[in-house]
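Residues per chain are reported as follows:
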Amino acid sequence: MLNSKIPAGALDQKWVDYKGHCKLVNPANKRKLEVIVVGTGLAGASAAASLGELGYKVKAFCFQDSPRRAHSIAAQGGINAAKNYQNDGDSVFRLFYDTIKGGDYRAREANVHRLAEVSVNIIDQCVAQGVPFAREYGGLLNNRSFGGTQVKRTFYAAGQTGQQLLIGAYQALERQVALGNVHQYTRHEMLDVVMVDGKARGIIARDLVTGKLERHFGHAVLLCTGGYGNVFYLSTNAMGSNVTAIWKAHKKGAYFGNPCFTQIHPTCIPVTGDHQSKLTLMSESLRNDGRIWVPKQKDDPRKANDIPEEERDYYLERRYPAFGNLVPRDVASRAAKERCDAGYGVGTTKQAVYLDFKFNLINKYGKAEANKHGIENPDTETLIRLGKEVVKEEYGNLFDMYEKITGENPYEVPMRIYPAVHYTMGGLWVDYELMTNIPGLYALGEANFSDHGANRLGASALMQGLADGYFVIPYTIGNYLADDIATKPIPTTHEAFEQTEKAVAERINKLMSIKGDTTVETYHKRLGKIMWEKCGMARNAQGLKEAIAEIQQLKKEFWSNVRIPGTIEEMNPELDKAGRVADFIELGELMCQDALNRNESCGGHFREESQTEEGEAKRDDDNFAYVSAWEYKGESAWELHKEALTFEVAKLTQRSYK
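Predicted model, so just to flag it, every value in this text is computed and none were measured. (Residues numbered from 1 in each chain as written. Predicted model: local features only at pLDDT ≥ 70, side-chain atom pairs only at ≥ 80, totals over all residues. Heavy atoms only, no water.)

Student: How would you sum up the environment of Glu648? Please name residues and give values.
Tutor: Mapped onto the secondary structure, Glu648 falls in the segment after strand E21 (637-644). Judged by its relative accessible area of 55%, Glu648 is exposed. A sequence separation of 195 residues divides Glu648 from Gly453, and the C-alpha atoms of the two residues are 16 Å apart. (Helix = DSSP H or I, 4+ residues; strand = E, 2+ residues; numbered from the N terminus. Buried < 20%, exposed > 50% of the residue type's maximum accessible area, 1.4 Å probe, protein only.)

Student: I'd like a rundown of the pattern of salt bridges, residues and numbers included.
Tutor: Scanning the model with the defined rule gives 56 salt bridges in all. Here Arg106 makes a salt bridge to Asp621, at a shortest N to O gap of 2.9 Å. Of this pair, Arg106 sits in the loop between helix H4 (92-102) and helix H5 (109-129) while Asp621 sits in helix H17 (residues 621-624), and the two are 515 residues apart along the sequence. Among the residues examined, Asp621 registers a relative accessible area of 25% and is labelled partly exposed. Across the salt bridge formed by Arg580 and Glu189, the nearest N and O atoms sit 2.9 Å from each other. A residue pair is termed long-range when its members are at least 10 positions apart, and Arg580 in helix H16 (residues 573-597) and Glu189 in strand E6 (residues 188-196) qualify at 391 residues. A relative accessible area of 7% places Glu189 in the buried class. Where salt bridges share partners, they join Asp104, Arg106, Asp330, Arg334, Arg598, Glu600, Arg619, Asp621 and Arg655 into one cluster. (Salt bridge = Lys/Arg side-chain N within 4 Å of Asp/Glu carboxyl O.)

Student: So what's going on with the nonpolar core? Which residues, and what values?
Tutor: Core analysis: the biggest nonpolar cluster contains 186 residues, and Ile79, Leu222, Tyr442 and Ile477 have the highest contact counts within it. Mapped onto the domain boundaries, this core takes at least three residues apiece from domain 1 (266-421) and domain 2 (493-626). Setting aside its immediate chain neighbours within four residues, Ile79 contacts Ile122, Ile123, Phe133, Arg153, Thr154, Phe155, Thr161, Leu165, Ala459, Leu462, Met463 and Leu466. Core analysis: the next-biggest nonpolar cluster, separate from the first, contains seven residues, Trp293, Ala304, Ile307 and Tyr314 among them. (Core = buried A, V, L, I, M, F, W, Y, C linked by side-chain atoms within 4.5 Å. Domains from an automatic or database assignment. Contact = heavy atoms within 4.5 Å.)

Student: For the sheet that holds strand E8 (residues 213-217), give the residues involved together with the corresponding values.
Tutor: Across the sheet, which stays open at both edges, the three strands sit in the order E6-E7-E8 with antiparallel pairing between neighbours. Strands at the two margins of the open sheet, each flanked by one partner only, are E6 and E8. Taken over all neighbouring pairs, the strand axes of this sheet differ in orientation by 30° on average, direction set aside. Both E6 and strand E7 (residues 199-207) contribute to a ladder of eight bridges, which runs antiparallel. Each bridged residue has a counterpart across the sheet, and for Val196 the counterpart in E7 is Lys199. In this fold helix H13 (residues 495-514) packs onto E6, E7 and E8, with an angle of close to 140° to the strand it touches most, E6. (Pairing = 2+ DSSP bridges. Axes fitted to C-alpha atoms, helices over the stretch in contact; angles between N-to-C directions.)

Student: Go over the domain arrangement of the chain, please, and point to the residues and values.
Tutor: The domain architecture assigned to the chain consists of domain 1 (266-421) and domain 2 (493-626). Each of domain 1 and domain 2 has a C-alpha centre, and the two are 34 Å apart. Taken together, the contact between domain 1 and domain 2 spans eleven residues of the former and ten residues of the latter. Carbon and sulfur atoms make up 57% of the surface buried where domain 1 meets domain 2, a total of about 800 Å² over both sides. If you sort the residues of domain 1 by the area they bury against domain 2, Asp330, Arg334 and Lys337 come out on top, with a joint share of 50%. One salt bridge connects Glu616 with Arg319, and the closest N-O pair in it is separated by 3.2 Å. Linking domain 1 with domain 2 are four residue pairs in polar contact (both at pLDDT 80 or more), by the criterion used here. For the side of domain 1 that touches domain 2, the residue count by class is four nonpolar, two polar and five charged. (Buried area = accessible area lost by both parts, 1.4 Å probe. Polar contact = N/O pair within 3.5 Å; in protein donor to acceptor, adjacent residues only side chain to side chain. Nonpolar A, V, L, I, M, F, W, Y, C, P; charged D, E, K, R; others polar.)

If you want it as structure tokens, here you go:
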């Protein structure tokens, strides 16, 4: 049942061969075909702009007031590409291998190699759009290091790379809007997929300002709606980020791939109390120049700067000497948790570790600047002053953000960081063409499962989103639509549209009719607590079974006692949120089910029953070298399908970053 459509032939020729033999749609026929794009972040904006440029009639939907407010804008550190500008040994193969290894061998080889291939084109595309990547003194594009690699391949624009890339994609999108090739629907949320004869043929969307339901036809539907990290309530995601679009597709028959694969980012500002509704990420790029440590003494009462060098435990450098502070995110996160659980945490909550820049501020940047200025034997104060100027240029906005949130100056005292929910590697199952098992329904970017396995390497999210939108979907969608050019637009009075809209309206009315006494936010917080404690950084069978039972009970309470003020046919953010939280509750149950089924540790999925003597993740390739693709069978019921993962080039080995 799972046909991944991976082309035959050598791994490095699969994409070339596919592009040379896929079906094409001629320019005149493209104008007859309508494509719906849901979500206008990096994947959605780039896809809509590219398809509009090709001549398709595109409808682009986002629930924000502008595509520029997509969560992609929050990405800070950079975007990977195998350009080898540093001449440090990088190549397409190394990017491919690092990604497969970083994902703990739970990703599809063919998709990952294609991603590495097209990465080099993304940078050229973005530079042509005017994205202001950082440059070296001579004018060449600069690179920085990120976790899980031993080369510098990450292109960046200070600490606001996502923002600059999104503006580039947004400009390309708005050009197509101005030309009339793309019709943009802001403040619209997709609430269901419309199926006609087994194919995705449109969506039901709700105008979030008026509350009206709308029907929209498309020969194909692209879901580019990001990840579902907000199922944990506290995460680094934007507050509006949700799972609704892909969850509705899942309930219509689209398989959900690897739902339990969620990423915990090691470099976040720690939780301070129950008053918080989200967490703030400090870019992984900071690990490029910061050193992570905890005191060697348990519950050390001294301030960080008062603890001498010999009494500091640089635990990542100690445990993983080959990669040090640049180990992958899952490894760094678990190591921080282990130190804090052992009693070496810092700060008032003791749930934090230090990220210290003073060493490189002085020894890397300060001394280099002193040499440039011809200053011999500079004192420490001079080195710090000179080093600060360089660090400000590289990371200034990140340091400013940290100081505004915590009230501490990270140039003078070490940052305090702790892991937090960030990215979701799971998503709708897609084949090599990015199509789900439902014909005509595609998932791009973080909305699909395809490229990162059990752990995403830093700076690869932006790479995948733009690769899917700019360089993959323009080819693969044509292979499907070439057989659809004779299909006339289906009128939205069709029975399938009427029935789907009716079902959406009934669900909204049911939510509004409950009139309980507990807020949506309360249920979301309760769900997040269950998920973080029992399906978070560490999981075990007992906890997951308890979580499933608790979520089922939470669902019953939600549907009998939730309170939603206001009315339907008006702007009602509480109603919008209620629908999303209802979907999160159902997703949470599936995530726990998937985590319970996968009785191994791999990447960000850490089962306590499956670990090495040194506390590292222990895979079980004999029994779990597959993608779990779950088919919805009704309330609290799913059927598991398995896509076997075969590794012809990147041979299965136990990961080591030592």
